[in-house]
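Observations on chain architecture
Listed below are the residues making up each chain.
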Amino acid sequence: MQHVIVGAGPSGVTAAETLRKIDPESSVTLVDGEVEPPYGRMAIPYFLIGKVPEQGVYLRKGDNHFENLGINRIQAHAESVSVGDNTLTLDNGEKLPYDKLLVASGSHPIKPPIEGLDRPNIHHCWTLEDARNIAKITGEGVDVVLMGAGFIGCIIMEALALSGANLTVVEAGDRMVPRMMDQNAGNMIKNWCLEKGVNVLTSARVNSVDETDGKLSVNVDTGDVIQADLIVVATGVRPNTDFLDGAGVEIEDGILVDNNLRSSIDNIFAAGDVAQGPDYSTGEKSVHAVQPTGVEHGRIAAMSMAEKGVDYRGSLNMNVLDTLGLISCSFGLWQGKDGGESAQQIDNENYRYTLLNFDGDHLVGAVMVGRTDQMGIMRGLIMTPVNLGAWKERLMSDPNRVVEAYIDCTRGDGA
Ligand SMILES: Cc1cc2nc3c(=O)[nH]c(=O)nc-3n(C[C@H](O)[C@H](O)[C@H](O)COP(=O)(O)OP(=O)(O)OC[C@H]3O[C@@H](n4cnc5c(N)ncnc54)[C@H](O)[C@@H]3O)c2cc1C
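Residues numbered from 1 in each chain as written. Predicted model: local features only at pLDDT ≥ 70, side-chain atom pairs only at ≥ 80, totals over all residues. Heavy atoms only, no water.

On to the domain arrangement of the protein, then. One frequently used descriptor of interface size is the decrease in accessible area upon assembly of the parts. For the protein, the assigned domains are domain 1 (2–108 + 237–305), domain 2 (122–233) and domain 3 (333–410). If you average the C-alpha positions of domain 1 and of domain 2, the two centres end up 30 Å apart. In this complex, domain 1 contributes 15 residues to the contact, which on the side of domain 2 involves 13 residues. Taking both partners together, domain 1 and domain 2 bury about 1,300 Å²; carbon and sulfur atoms supply 75% of that area. One can count two salt bridges joining domain 1 with domain 2. Of the charged contacts in the structure, one is a salt bridge between glutamate 54 and arginine 132, with a shortest N-O distance of 2.8 Å. (Domains from an automatic or database assignment. Contact = heavy atoms within 4.5 Å. Buried area = accessible area lost by both parts, 1.4 Å probe. Salt bridge = Lys/Arg side-chain N within 4 Å of Asp/Glu carboxyl O.)

Written out as structure tokens, the structure reads:
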């Protein structure tokens, strides 16, 4: 059996290692489109603030890790797939035959069509090379504009602020992290950032970027004109699927895959950020672009490819953010369930917030700010799932009693 994997991020690497373990007779080839050793984007902010050296972002230690495992790693780009004869063509001209192909090629950031965004000193923060470029410019007193306060934007913001930059964040949504946090949480995070000295504009769009003598001016539709030495663009991503053009693989927000992480083509699988896979909470298909899902997908896809039989119920939408020291997270159906009930407790002064969303007596989603003590429990309550019984009403009056509820309900008496 010849397994070929495109992409050596957390998802592809996990898949290759899992296949090596569970299908020792097969050949495993990892097509790695990066010039660096396989690395984790998640560690980039730590590299940016000098907390880890470059080697600290590598996913695996040791130069010969893949060779030692018997994984054939080829540094090249996948260029096209011929479904008829099961062959992957690389940009170095090589043609790789495969029995099973896993697409774990992630996504790439996009620049919105804004005049002037092609000027110098405007970068994404996606690759190690981006991080090197940003690290060269940012620092004490440097004027930095961050476009986008989504999940990735907020993660980068921490690193930029810690570098000592004068930071302005411009977010088109009406709150921070609008795709992961409700209004209360998004506003709370914004106020926290303002208190920490970061200038945050929400409901604001960059119209254009000018440059005079090396200094950038960012023209915002609020009328603000912000001076910048560096602009970091974090305004969204697209899946890396170009090489599948014409192959007949069904793609929406990502490659559509079933509970085996199999695409619309029988022997092509997808995992990680590039995959639009089963969503635990909705039963529909979603892209959950976080590393734990990528790793889980990699393992599940490998088991499917090795025909080990999987019973994957899908990934839980779960996002945890540390914004300048304020922890926030959202789980599952954080926007609530139609016809369901919600309970919330907000303490703006102390930056603490809990929102619980119920479907009947099941917890199906949650948002928390300023608390780390209940994260594991929230996940457990949503995924088990626990019949809350009488605890539902207690949580409706005090949503912060989830730990007690979990302990009591999982003991079996349900009340
Ligand atoms: C700055 C930053 C911080 C983040 N922080 C967090 C965090 O704190 N927590 C969290 O859970 N997630 C975080 N993420 C998201 C997380 O990094 C991704 O969810 C994760 O990397 C997805 O893994 P993946 O293997 O699917 O894709 P990727 O890591 O993107 O790997 C895909 C690989 O495929 C390669 N590739 C693409 N096209 C081809 C081709 N045609 N041929 C060969 N190779 C190709 C790419 O170059 C890349 O190396 C962060 C992301 C960024 C950018």
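Additional details are given in the paragraphs that follow.
Let us look at the site of the ligand. Lining the immediate surroundings of the ligand are 30 residues, of which Ser11, Glu34, Ala78, Asp273 and Gln291 lie closest. Contacts to the ligand include serine 105, whose backbone N or O atom sits 3.5 Å from an oxygen atom. In this structure, glutamine 291 approaches the ligand through a main-chain N or O atom, which is 2.9 Å from an oxygen atom. Surface burial for the ligand is 93%, taken as the share of its 1,000 Å² of free accessible area covered by protein chains. Of all the secondary-structure elements, those providing two or more residues to the shell around the ligand are α1 (10–22), α5 (151–162) and α7 (291–305). Among the elements that take part in the shell around the ligand, α5 stands out by supplying three residues, more than any other. A class-by-class count of the residues in the shell around the ligand yields 17 nonpolar, 10 polar and three charged. Built from parts of two domains, the shell around the ligand gets at least three residues from each of domain 1 (2–108 + 237–305) and domain 2 (122–233). (Near = heavy atom within 4 Å. Polar contact = N/O pair within 3.5 Å; in protein donor to acceptor, adjacent residues only side chain to side chain. Areas by Shrake-Rupley, 256 points an atom, 1.4 Å probe, with all protein chains shown as cover. Helix = DSSP H or I, 4+ residues; strand = E, 2+ residues; numbered from the N terminus. Nonpolar A, V, L, I, M, F, W, Y, C, P; charged D, E, K, R; others polar.)

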